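# Observations on chain architecture
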Amino acid sequence: MTQFEPKIVAFLCNWCSYVAADAAGVARLVQRPNVRVIRVFCSGMVDPGYVLKAFASGADAVLIAGCHPGDCHYISGNIKAMRRSFLLHKLLTDLGVEKERFRLEWIAASEGPRYATVVNEMTEQIRKLGPFRPASGSKPERSELTCRKEG
Amino acid sequence: MPKRRVAIYSATGCSACDNSILGLHYQVGAFTGWAEIVFWPYLRGDSWQVLEDDRQIDVCFFCGSIATEEDRHAALRLRAAARVLVACGACAAFGGLPGLVNLIPADPTEMSTSSQDTWPPLPRAKSRVSGLPGIVPVDYFVPGCPPTQPLLWACFQALVSGGESQIRASFSAARLPEAISTAVAAGVLPPHGSTFAGEKAVCASCCRAKEEKKFSRLYRGHELDPDAGRCLLEQGLICQGLATREGCGGLCTAVGVPCRGCFGKAEAVYDAGAKMVSAISSTFDAAEAGQASEMAARFVDLAGTFYRYTLAEQCALLAGASEERNDAIHGS
Amino acid sequence: MKKVGVYICHCGTNIGGTVDCHRIAEELGQEVGEVVICRDYKYMCSEPGQKLIRDDIRELGLDHVVEASCSPKMHEPTFRNACSAAGMNPYLFEMVNIREHCSWVTEDPEAATQKAKHLIRAAIARVVHQTPLKGSTKSVNPTAMVVGGGIAGITAALKIANAGYKVYLVEKEEIIGGKMAQFDKTFPTLDCSGCILTPKTSEVGRHPNIEILTKSELLEVKGFVGNFTARVLQKPRYVSIEKCTGCGDCQKVCPVEISSPFELGMTTRHPISRPFPQAIPNTYSIWRAGMPPCQAACPAGVNVQGYMTLTGAGKYGEALALVRERMPFASVCGRICARPCEDACKRGQVDAPSAICYTKRFLGDYEKEQGIDWNPPRKDPREEKVAVVGAGPGGLSAAYFLALEGYQVTVFEKLPVLGGMLAVGIPDYRLSKEVLDAEIRMVTDLGVTVKTGTAFGRDVTFESLEQDGYKAVFLATGLHVSRGLNVEGEDLEGVTGGIEFLRKWALDGDVTVGSSVVVIGGGNVAVDVARTAVRLGAKKVELVCLESREQMPAWEREILEAVEEGVVIHNSWGPKRFLESNGHVSAVELKRCTSVFDESGAFNPSYDEAEVLELPCDSVLVAIGQSSERLLLDQLGLEIAPGGRISVDPDTLATSRPGVFAGGDGVLGPATFVQAVAHGRQAARSIHSYIEYGGLRPIEAKEKPVPPEISEAERRRTPPISRHQMPMLEPEVRKNSFAPVELGFSEEMAQKEGQRCIECGICCQCGECVRACGPQAIDLSERERVRELEVGAIVVATGIDIFDASRYQEYGYGRYPDVITNLQFERLCNASGPTQGKVLRPSDGTVPQNVVFVQCVGSRDRAKGYEYCSKVCCMITAKQLSIFKHHNPNGQPYVFYIDNRAGGKGYEEFLRRAIEEEGAQYIRGRVAKIYQEGGRLVVRGENSLVGAPVEVEADLVVLATGLTPQKDYTSVSRALNLATDKYGFFMELHPKLGPVETALTGIYVAGAAQGPKDIPESVAQGGAAAGEVLTLFSVGQVEIEPTVARLEERLCTGCRTCVELCAYSAISFDDSRKTASINDALCQGCGTCAAACPVAAIRVQHFTPDEIYAQIEGILA
């Protein structure tokens, strides 16, 4: 059987991480095709609801990337994203989403190479983990449920 | 004009909804004036035979969650019989507390086998609980655990009185969405699918003063005796009034009990859990990742907390647990 | 049904080479309903490509457009314009990045094609939810604020002002000109810095459109581009710019000299001065650090630094007059004051505090010796009568100041003598009657009538006083009753109250004490009682108190003197009972006191009853505190605070009865002499305003005190000088007489003590300059104020600081006087500098022969300094050595350098001239160490070109110190919330294309505040910044991006979650509506609030949830 190709949704902040992704492109740093980018103004703009929505819509992992703390174009939006990430992780775990499937990364505009690395290693990681099946509790693989698009 | 034929049924639940209906006190007179109650097992022990003659039921108030085969059959049957089907109470509307069972991994088609070896035979429990909309299409919702009389009363006026109500400008109408209250006032049916509750969140009707949202430490209910008059969340208690549909009038928070979300998520919210996470953690009093994770570490059982009544129907990830939803049959 | 047009760009082979654009176009064309046209084209960004889009919009009536090509960072504007050119709202356009994010980074064409397809599908799903948006416009306030008056700021200010707009020039220092004002000549032309700067500064000074705010700092800036509100803290100059003629008479008489920051410590300045004659503003100003700690500590607020300094200068009269402004009784105070001033004196942190009190005593006594009267002038007499009840220090001070104000004052005293406790509470050996009477006479000589033997309540009452036409009454009745012990046997014969004992002795001079006396109490009164008992011939005097030795409230020196005189002290004992033998006290039984205060710190002694001690004695004197006569209090009929004290308004001392004021011990409880005097003056002022303005008082801004800890600069100017000891009578002599124990300072001692003052306040406000100033331009009562400026644009030109060379200890800067920084060298060369432009060694003023220049001090040095190159030092050194050669043709300059950086017009040529014509020896290598050998300095370094160590003997070493960010750059960056780099230089918008813009529109940065620069660059940037400002002003209005947060009020619950989250305070809480409200002019559209809003009532336009959700579904479809 062909190997599993995870779908990863990446929310990139317009000022640092999106630019980093562009830089990676300009430098032709080869990346797995699994990551699909959604551009947002600021990592602080990413509502945890977006993350749930992504999983509910069939994503196998979600990446949020923003400016390094202190460099936020909006002074402290990324700090808010940081604060949310921990509680969101807890909620996701309760709902049976493994830790590895959600990541918050700081990637500065100059860090094109780092962006490529994050993309590739995350893809590999999720490949190993297998597809995400929205279910409940600790053993999602037992569930036959299919997820609804709308809550 | 003939009386409306009304059925009231309670599936798996605590029957608080039935009692809440009984709690209408003096309005009961008016109610029975408009309604001919043809089927109310809880109150009168009616058997299903009552529904044998295939006369239509005008309005059916369905309480309780769908946790057993019987519940499912009842839902299908009443859907078929009733012109207007109302999910009454948190269980029917969102799956309610029984819905939390869905957190335990299990095969949805699996049934508990306990029924064989016990007497009297217990109903065969489904391993995945759902609310009424998980099984059949629902026309109206009255949330709450249990629903409050003002809202029930508004619902009855809108659906049962058939425009005969002399007291349309009901005191409860104020807290309803404009569409519903105008419908109630005009004695016409509110828009299909409406929820008989407010459209803002509980904070809007909570009497407590909100000063500054800065979350510095979580307190569990038993750890703190909250100051009177100050926002409970600002004192470190998890209060879901933030993202929970209003309509109750902030009954719990008024007496110092944090909102537990029995009215379901507020109008425009996609997922209540995500919003609660976002609203609380955004205001964490933490500049460093270390502090933030320490603060987050004090929270326990987020799913059980934020989806206490709504897991089965409103949790973006776990909702829709029912195996086959039957859209074939539809109320007129 | 929406009509979407999709356009996929091949970008030559950049995309088309990997992604099968044509296939995607076809597939999407069929599969997605809304898509009416789906094209692929070689170069969409080309004119024909754009034309495709424009034509389709027109012909097919498209209402949404998706464009898949390069990064939106590249061409989004291009295509948006194309769309709006065809009449479509640009926000109905969505761009997909299938080049940088797809074709360029994906190897497998099929995978790339699939990914591209997903991304485009997402865009289509998203775009149909997008709504037309339009930015709003706000008008611009055509007024500019330039922060920093250096050459960059001056240039910007002048250009903006010349264009006809108002400019506020905010400068931290007292003059504008910045660092350039300190330079001597400029490279590479060697023209005089002052000669090219001063024309500019004076133009600024007289420009009608420019308002200069000197000694001012930015506190906070609110608002947004075109509409800022800046709050500026303006410190006082004390000299009116309008009135000052710059004659300089003030400077001549100023007694204070402080090392001059402008001259970098190479000479001193007077607090009142002007850095150089051509300075702008061309007037004098006073450098005052704040209220010195001594004055702040003095209850009466006597200007201690002032009179100490004047005494140091031998101006005793002026000094005394200064004391009298707030303290009538210099001699008395000098003898008995509690001296809070000396506890606060910062010299105490070096050696010992100045002997402030003794110096004051000298001033008072000196006056009497000279028989002159240094009281402040008395105002014209007025007919209003004021009654003062009680002739203690409080009452007499009130009388004094009221009399000076011109009132008819009468003092009523119950006792036959004046002075209250001073007369009947303090024994002669501390304060002799002559001294006291002399100063009381000074008060009465002002025309104050006194009625002794007149008791309030008995002889006079409020009513009688009113009938006699007194407009106001001041009650200063004091506390003249000893507090009781309430222990068994207290009423025995031989047990007396300390106060009564002292009073009896003072009044009728006959009291008898037994041979062995026990004094109970640990305060000053107790000690006085004990020492008086000693003098009255008691064989044995024992003092018993609850407190431990350290806790005793009595002053240390008093206790010591008492012990010297033979008083035995029993600490931590409390009286249990008095034993008697036939009715007369025979002994005191004491119990051990375990603690005096409870944990709350309140007086609440606890005892160990078991441990007792019996002191046989034949008389006991109880001095455990004072209280006022209950009787009197009752008669007053005034509000009484707990503890039997008259309750008054702390600001005015007004009692519950109109026109009646009270102060002193009667209000404070047992307090000090100086507190009583303070109350006297305060009461006098309140009574004056009560009579003059019916109680209204002008509010006087208080001066901020200087920090209590001694600063580095203060330490440097404070060589230890030991404090003069007060000459005293020998214990053996004094214990048998009431002759004064302390003999007083000589004139010379007093003057020396005056000179020990370290001038914490810098200016001592002695008033010499005020007296000397012809045009009366000086007002020492000026206070700092905050000004609010409404401006449309801000230019930040706060400049740079100089690296602190002392961080290189091995170079000995600060240790060797002849190791100086290159800025100090500038001052040496400068004609208006400390040496009038002669290059002389600071140590001995001789002309140096060998001068060694050390490069890169603090620059290009990760370890000790900064990584960056300060850019100007190479040229400065080349310039300075040329100047040095012109001053001293046969001198020899050496330069230790790393690299010579001479990029710039004419720079390299100039450098070569310095090397070839001036014969400077350039040695490539770092300097390891500078040390002194004999009279000369030796510079040891390495010559990296020959790879050998070198040593050069030097007469003078000049350190080319680097340029660093201003020390207080954070205050500016915070006020503006302007980003800085890791060093503290302000961040420009773009290193290449936005050199003077910042991330905040409407705020521009110019000059070295953005990074090390030389003068021409700073000027250029000043001009550039001005250009930006003028563009903004000429457009007259600003476009506000529509991608901002919007609130749906229908949903907002007013939970306030969002309010605190906004980094731009764009969200406020509307109390009337009980909802949040967003100021979209302030909103930057970051969306933090939208993400946090628990009811999703806030949405960022163009990034709404439904748009994002659709995109998520599309991307995963």
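Residues numbered from 1 in each chain as written. Chains lettered and ligands numbered in written order. Predicted model: local features only at pLDDT ≥ 70, side-chain atom pairs only at ≥ 80, totals over all residues. Heavy atoms only, no water.

A few words now on the packing of helix 10 (residues 304–312) of chain C against helix 14 (residues 356–370) of chain C. Residue and element names in this part refer to chain C. Viewed as axis vectors pointing N to C, helix 10 and helix 14 meet at an angle of 65°, and their least axial separation amounts to 11 Å. Helix-helix and strand crossings are classified by hand; for helix 10 and helix 14 the assignment is left-handed. Mapping the contact onto sequence places Val 304, Tyr 307, Met 308 and Thr 311 in helix 10 and Ile 356, Thr 359, Lys 360 and Leu 363 in helix 14. Split into classes, the residues belonging to the contact of helix 10 with helix 14 amount to five nonpolar, two polar and one charged. (Axes fitted to C-alpha atoms, helices over the stretch in contact; angles between N-to-C directions. Helix = DSSP H or I, 4+ residues; strand = E, 2+ residues; numbered from the N terminus. Left-handed = near helix turned anticlockwise from the far one by under 90°. Contact = heavy atoms within 4.5 Å. Nonpolar A, V, L, I, M, F, W, Y, C, P; charged D, E, K, R; others polar.)

Residue and element names in this part refer to chain C. Tallied over the full model, the rule gives 104 salt bridges over all chains. Between Asp 968 and Lys 172 there is a salt bridge, with its nearest N and O atoms 3.2 Å apart. Taken as a pair, Asp 968 in the loop between strand 45 (963–965) and helix 32 (969–976) and Lys 172 in the loop between strand 7 (166–170) and strand 8 (185–186) lie far apart in primary sequence, 796 residues in all. Put simply, Glu 558 and Arg 430 hold a salt bridge, and the shortest N to O gap is 3.4 Å. With Glu 558 in helix 21 (residues 556–564) and Arg 430 in the loop between helix 16 (421–424) and helix 17 (433–444), this residue pair connects regions lying 128 residues apart in the sequence. Just as Glu 558 is buried, Arg 430 falls in that class too. (Salt bridge = Lys/Arg side-chain N within 4 Å of Asp/Glu carboxyl O. Buried < 20%, exposed > 50% of the residue type's maximum accessible area, 1.4 Å probe, protein only.)

Turning next to the confidence of the model for chain C. In this model, chain C carries a mean pLDDT of 92, and residues with pLDDT of at least 70 account for 100%. Confidence metrics for the complex model read pTM 0.71 and ipTM 0.92. (pLDDT = per-residue confidence, 0-100.)

Turning next to the domain arrangement of chain B. When the parts of a complex come together, some accessible area is lost, and that lost area is often taken as the interface size. All names here are of chain B. You can read the domains of chain B as domain 1 (4–186) and domain 2 (202–300). Listed per partner, the contact involves eight residues of domain 1 and eight residues of domain 2. The contact between domain 1 and domain 2 buries some 660 Å² in all, and 71% of this surface belongs to carbon and sulfur atoms. It is Pro 143, Thr 148 and Arg 175 that lose the most area in domain 1 upon contact with domain 2, and together they represent 57% of the buried surface on that side. The interface formed by domain 1 and domain 2 includes zero salt bridges. At the boundary of domain 1 with domain 2, the tally comes to one residue pair in polar contact (both at pLDDT 80 or more). (Domains from an automatic or database assignment. Buried area = accessible area lost by both parts, 1.4 Å probe. Polar contact = N/O pair within 3.5 Å; in protein donor to acceptor, adjacent residues only side chain to side chain.)

By size, the foremost hydrophobic cluster in this structure holds 173 residues, and its most contacted members are Phe 11 of chain A, Phe 284 and Leu 317 of chain B together with Ile 8, Ile 98 and Ile 120 of chain C. With residues up to four places along the chain from it excluded, the contact list for Ile 98 of chain C reads Ile 8, Cys 9, Ile 15, Ala 68, Ser 69, Ser 103, Ala 116, Leu 119 and Ile 120 of chain C. Of all hydrophobic cores here, the second largest spans 93 residues; its members include Met 442, Ile 691, Cys 757 and Leu 780 of chain C. (Core = buried A, V, L, I, M, F, W, Y, C linked by side-chain atoms within 4.5 Å.)

Bringing the environment of Glu 917 of chain C into the picture now. All names here are of chain C. By secondary structure assignment, the location of Glu 917 is in the loop between helix 31 (907–916) and strand 40 (921–924). Classification of Glu 917 as exposed rests on a relative accessible area of 60%. Linking Glu 917 and Ser 882, residues 35 residues apart in sequence, is a C-alpha distance of 9.1 Å.

Turning to the sheet that holds strand 29 (residues 619–622) of chain C, a few remarks are in order. All names here are of chain C. Spatially, the five strands line up as an open sheet ordered 22-29-23-24-25, and their pairing is parallel. Lying at the two open borders of the sheet, with one neighbouring strand each, are strand 22 (495–497) and strand 25 (568–570). The mean inter-strand angle of the sheet, taken between neighbouring strand axes irrespective of direction, is 25°. As paired elements, strand 24 (residues 540–544) and strand 25 share three bridges and run parallel to each other. Pairing of Leu 543 across the sheet is with Ile 569, part of strand 25. Lying on the sheet, helix 19 (residues 498–508) is in contact with strand 22 and strand 29; it crosses strand 22 at an angle near 80°. (Pairing = 2+ DSSP bridges.)

Attention shifts here to the side chain of Lys 210 of chain B. With respect to the helices and strands, the residue Lys 210 of chain B is situated in the loop between helix 7 (178–186) and helix 8 (251–254). Of the polar contacts made by the side chain of Lys 210 of chain B, one reaches the backbone oxygen of Cys 206 of chain B; its length is 3.4 Å. A distance of 3.1 Å separates the side chain of Lys 210 of chain B from the backbone oxygen of Arg 208 of chain B, its partner in a polar contact. What Lys 210 of chain B contacts, discounting residues up to four positions off in sequence, is Cys 203, Cys 231 and Glu 234 of chain B together with Gly 1054, Cys 1055 and Arg 1056 of chain C.

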